[in-house]
Amino acid sequence: MVPHHCPAPPCAHRLTRNPGAGCGRMNIAAVFNALLVSILAAVLWKHVRLREHASTLEEELALSRQAQAFPQATVDYQAALQTLLEEGTRMVCTGRTHTDRVCRFRELCYSVEAEEFIFFHSNASLMLPNLGPRRFQPALLDLSSVEDHNTQYFNFVELPTSALRSLPAPLFMPEVVLIANRFNPDNLMHIFHDDLLPMFYTMQQFPDLDQEARLVFMEGWGPGLHFDLYQLLSHKVPLVREQLKSLGSLLCFSQAYVGLSKVTTWYQYGFVQPQGPKANILVSGDEIRRFTRFFTERLNASGPGGRGPAGEEYIVVFSRTLNRLILNEAELLLALAQEFQMKTVTVSLEDHAFSDVVRLVSNASMLVSMHGAQLVTALFLPRGAVVVELFPYAVNPDHYTPYKTLANLPNMDLRYVAWQNTKQENTVTYPDRPWDQGGIAHLDRAEQERILQSREVPRHLCCRNPEWLFRIYQDTKVDVPSLLRAIRGVVRANLGLGGQKRANGLYPSKVRGAKCQASVQGAAEARLSVSWQIPWNLRFLKVREVKYEVWIQEQGENAYTPYILTLQNHTFAENIKPFTTYLVWIRCIFGKSLLGPFADVLVCST
Ligand code: UDP
């Protein structure tokens with residue numbers, strides 16, 4: 001198969017740089033341009049960079065201490081070597097294709113020199129699935145949670161155990177490790193969606209990936225600005241690929257899980273088709289909240305947020321301070337406070353510790369923000385809260401929906417509002433910035449002109465579309481009346497979290513004891529009397545509305561007639577013919593939409 005993806009992990013909005021480089025924070029000159037208020041920007045920038053530098057140094061120090069402290073002393077070296085020589089590598093995987101595969105290995109080795117994983121063959125080694133050459137078509141598995149991205153594939157090199165004689169002495173890593181790629185560890189949306197949630201749920205899937213397991217990141221980036229978030233997943237500090245070098249030249253992981261579960265991801269970034277929700281979303285708000293509860297606790301961010309002693313409700317405006325600015329933030333804050341009679345506060349990733357952001361967001365009634373990665377913090381909103389996403393001029397909200405999709409996950413119980421700037425006079429463009437911050441000066445004149453005239457960015461693939469970058473990095477003066485109208489359109493009743501009704505969301509089981517009796521009334525008339533008992537689980541639940549759906553199908557016909565009934569028996573006379581065989585299907589429905597399974601079909605002959 002011909003590789004069809006970009007050569008490096010991308011940002012949601014633009015192709016990223018070399019591994020290890022920062023996202024959106026590297027070019028100081030550009031940031032000066034971007035902010036115009038250059039002195040303020042310089043101070044801010046310095047602050048961010050210093051923080052980044054300090055935290056990276058600290059992390060590296062901690063990591064090298066960690067690496068040195070690798071518990072070789074606890075390994076019976078001779079026994080470990082003997083096991084490797086005799087048994088070789090053993091691998092058993094889940095998943096039918098490379099995109100849904102996670103593999104468990106015993107004695108998986110890694111050559112630092114070759115930068116390859118090694119599968120050692122012995123008489124006792126095990127490789128399941130044994131794919132033969134299909135292991136390279138295109139790979140054994142995806143190392144990140146982003147589906148089928150050709151920079152994220154995992155494979156191993158095969159060697160006989162006899163080769164160990166000519167290789168450096170292995171260093172045995174006795175802990176259980178989870179080996180994976182972070183997709184774009186500079187961008188908060190990617191961090192949560194592609195890495196933290198999938199890692200958390202991969203760890204839930206395999207019991208030995210407990211809090212003593214260690215994460216090993218192989219994508220090749222440095223620890224990154226948000227490394228502290230990854231550290232919350234287990235008690236051990238994760239290792240990044242670079243660090244493996246300092247451990248030894250041949251590393252052998254006694255127990256390694258490789259790959260990430262994709263079960264929690266809800267968005268595809270547009271590598272093969274324009275970005276949008278994943279086709280088959282398998283996660284609900286319940287699992288999201290299970291993760292955020294764990295995470296909030298680890299972050300030490302449980303608490304009253306900005307609420308006063310009386311549990312006062314409030315609105316959070318999430319601001320970006322480097323680019324994609326809201327130009328009239330003060331006016332916006334005042335208007336929201338007045339309209340909803342609530343305290344309104346601002347946060348930004350630059351000015352607040354992430355734990356404070358989470359504490360604030362997790363008690364907020366409304367989160368208002370420009371489109372951008374910071375909106376992934378909507379994960380932490382309480383049920384019933386409102387997410388308001390602002391889009392710059394010419395950016396169609398329907399085409400970029402990672403946060404809308406998140407807010408609308410089943411049981412997420414968030415209300416979502418999109419607002420777009422439709423007034424060109426309220427936008428500020430930056431044609432002279434570098435291309436990756438939306439500049440278009442490098443394009444030919446005609447193309448620049450076309451982009452400047454265009455009123456909507458046409459749908460496009462990830463990640464370098466200059467028109468998209470140009471428009472998404474505009475600053476916006478928010479037209480407050482139109483924004484309030486948009487919010488009012490969704491928040492009809494009072495804003496506020498109190499009194500949220502929660503459907504229990506549990507599905508009925510099968511109806512039981514279904515029977516049918518047929519009778520013939522005359523040459524052209526017959527009846528079917530059908531009865532059943534309530535589903536077994538109903539007596540344990542408080543369900544206000546219980547209905548039954550009965551389908552009657554003449555044997556041999558494709559069509560059937562459906563009926564919705566409230567009682568547990570019914571006699572059907574309409575369209576029932578004598579001397580005919582009918583199939584009767586019955587299922588229970590809770591509320592409006594919780595459809596249970598059909599009971600075993602009844603066969604009734606009149
Ligand atoms: N970012 C930020 N403040 C800014 C601009 C960006 O905190 O003023 C963060 C943003 O939340 C994300 C990262 O920097 O985590 C990269 O931002 P970028 O604009 O590249 O991506 P986007 O937010 O559009 O996904």
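Residues numbered from 1 in each chain as written. Predicted model: local features only at pLDDT ≥ 70, side-chain atom pairs only at ≥ 80, totals over all residues. Heavy atoms only, no water.

Novice: Outline the packing of aromatic side chains, listing residues and values.
Specialist: Two measures describe an aromatic ring pair: the distance that separates the ring centres and the angle between the ring planes. Counted by the stated rule, this structure contains 29 aromatic pairs. Residues Phe200 and Phe291 carry aromatic rings whose centres are separated by 5.4 Å and whose planes lie at 75 degrees to one another, so their mutual orientation is edge-to-face. Taken together, the residues Phe200 in helix H4 (residues 188-205) and Phe291 in helix H7 (residues 285-298) connect sequence positions 91 residues apart. Following the ring pairs from residue to residue traces out a cluster consisting of Phe192, Phe200, Tyr201, Phe291, Phe294, Phe295, Phe354 and Phe380. Above the plane of the ring of Tyr230 lies Arg182, whose end atom (NZ or CZ) is 5.1 Å from the centre. Stacked on the ring of Tyr473, the Lys or Arg Arg324 has its end atom at 4.7 Å from the ring centre. (Phe/Tyr/Trp six-rings, centres within 6.5 Å; stacked < 30°, edge-to-face > 60°. Helix = DSSP H or I, 4+ residues; strand = E, 2+ residues; numbered from the N terminus. Lys NZ or Arg CZ within 6 Å of the ring centre and 35° of its normal.)

Novice: How would you summarise the nonpolar core if you had to cite specific residues and measurements?
Specialist: Formed by 79 residues in total, the largest nonpolar core has its most connected members in Phe192, Leu229 and Phe295. Here the element with the most residues in this core is H4; it accounts for 10 residues. In this structure, Tyr110, Phe117, Phe154 and Met173 belong to the second largest nonpolar core, which totals 29 residues. (Core = buried A, V, L, I, M, F, W, Y, C linked by side-chain atoms within 4.5 Å. Buried < 20%, exposed > 50% of the residue type's maximum accessible area, 1.4 Å probe, protein only.)

Novice: Break down the sheet that holds strand E18 (residues 415-420) for me, citing the residues and quoting the values.
Specialist: Here five strands make up an open sheet; going across it, the order is E15-E14-E16-E17-E18 and the pairing parallel. The two strands at the open ends of the sheet, each matched to only one other strand, are strand E15 (343-347) and E18. Within the sheet, the average angular offset between the axes of one strand and its neighbour, ignoring direction, is 20 degrees. Here strand E16 (residues 366-370) runs beside strand E17 (residues 386-391); their pairing, made up of five bridges, is parallel. Note on E17: the bridge partner recorded for Val368 is Val388. Strand contacts of helix H9 (residues 354-361): strand E14 (314-318), E15 and E16, with the helix running at about 140 degrees to E14, the strand carrying the most contacts. (Pairing = 2+ DSSP bridges. Axes fitted to C-alpha atoms, helices over the stretch in contact; angles between N-to-C directions. Contact = heavy atoms within 4.5 Å.)

Novice: Which residues make up helix H13 (residues 480-490), and what values go with them?
Specialist: Within H13, burial applies to Val480, Ser482, Leu483, Leu484 and Ile487. Next to the buried residues of H13 lie helix H8 (329-340), E16, E17 and E18.

Novice: Kindly report on the confidence of the model for the protein, identifying the contributing residues and their values.
Specialist: Mean pLDDT over the protein: 89, with 85% of residues reaching 70 or higher. A low-confidence stretch, residues 59-68 stays under pLDDT 50, and its non-local contacts, those more than four residues away or across chains, total 17 contacts. (pLDDT = per-residue confidence, 0-100.)

Novice: If you had to explain the state of the cysteines to someone new, which residues and values would you point to?
Specialist: In this structure the tally under the stated criterion is four disulfides. Covalent S-S linkage joins Cys93 and Cys103, the inter-sulfur distance amounting to 2.0 Å. Here the disulfide of Cys93 and Cys103 is right-handed, its torsion about the S-S bond being about 100 degrees. Taken together, the residues Cys93 in strand E1 (residues 90-94) and Cys103 in strand E2 (residues 102-111) connect sequence positions 10 residues apart. With a relative accessible area of 0%, Cys103 lands in the buried category. Take the cysteines of the protein that form disulfides and number them in order along the sequence; they join up as 1-2, 3-4, 5-6, 7-8. (Disulfide = S-S within 2.5 Å.)

Novice: Go over the environment of Lys404 with me, naming the residues and quoting the values.
Specialist: For Lys404, the location among the structural elements is in helix H10 (residues 402-407). By relative accessible area, Lys404 is classed as partly exposed at 30%. Separated by 29 residues in sequence, Lys404 and Leu375 place their C-alpha atoms 9.9 Å apart. Beyond its immediate stretch of four places on either side in the chain, Lys404 contacts Glu389, Asp398 and Tyr416.

Novice: Quick one: what's the story with the packing of H4 against H7, residue by residue and with numbers?
Specialist: Between H4 and H7, whose axes approach to 11 Å, the crossing angle comes to 90 degrees. In terms of axis orientation, H4 runs roughly perpendicular to H7. Two secondary-structure elements touch here, H4 through Phe192, Leu196, Leu197, Phe200, Tyr201 and Gln204 and H7 through Glu287, Ile288, Arg290, Phe291, Phe294 and Phe295. Split by residue class, the contact of H4 with H7 holds nine nonpolar, one polar and two charged. (Parallel < 35°, antiparallel > 145°, perpendicular 65-115°, else oblique. Nonpolar A, V, L, I, M, F, W, Y, C, P; charged D, E, K, R; others polar.)

Novice: Quick rundown of the environment of Asn181? Include the residues and the values.
Specialist: Relative to the elements of secondary structure, Asn181 occurs in the loop between strand E8 (171-180) and H4. On the basis of relative accessible area, Asn181 is assigned to the buried category, the value being 5%. Considered as a pair, Asn181 and Asp195 are 14 residues apart in the sequence and their alpha carbons are 8.0 Å apart. In this structure the side chain of Asn181 is engaged in a polar contact, spanning 3.1 Å, whose partner is the backbone nitrogen of Glu219. (Polar contact = N/O pair within 3.5 Å; in protein donor to acceptor, adjacent residues only side chain to side chain.)

Novice: Please provide a residue-by-residue account of the sheet that holds strand E22 (residues 526-533), values included.
Specialist: With antiparallel pairing, the three strands of this open sheet are ordered in space as E21-E22-E25. In this open sheet, the two strands that pair with only one neighbour each are strand E21 (512-520) and strand E25 (569-572). On average, each strand axis in the sheet is tilted by 15 degrees relative to the strand beside it, whichever way the strands run. In terms of strand pairing, E22 meets E25 through four bridges, oriented antiparallel. By the bridge assignment for E25, Val530 is matched with His570.

Novice: I'd like a description of the pattern of salt bridges, backed by residues and values.
Specialist: Tallying each qualifying case throughout the model produces 22 salt bridges. For Arg383, the salt bridge is made with Asp286, and the minimal N-O distance between the two is 3.8 Å. With Arg383 in the loop between E16 and E17 and Asp286 in helix H7, this pair connects stretches of sequence that are 97 residues apart. Using a relative accessible area of 33% as the deciding quantity, one classes Asp286 as partly exposed. Ionic pairing is found between Lys577 and Glu554, a salt bridge with its closest N-O pair at 3.0 Å. Taken as a pair, Lys577 in the loop between E25 and strand E26 (581-590) and Glu554 in strand E23 (residues 546-554) lie far apart in primary sequence, 23 residues in all. On the accessibility criterion, Glu554 (22% relative accessible area) is partly exposed. Three or more residues are tied together by salt bridges with common partners; here these are Asp286, Arg289, Arg383 and Asp413. (Salt bridge = Lys/Arg side-chain N within 4 Å of Asp/Glu carboxyl O.)

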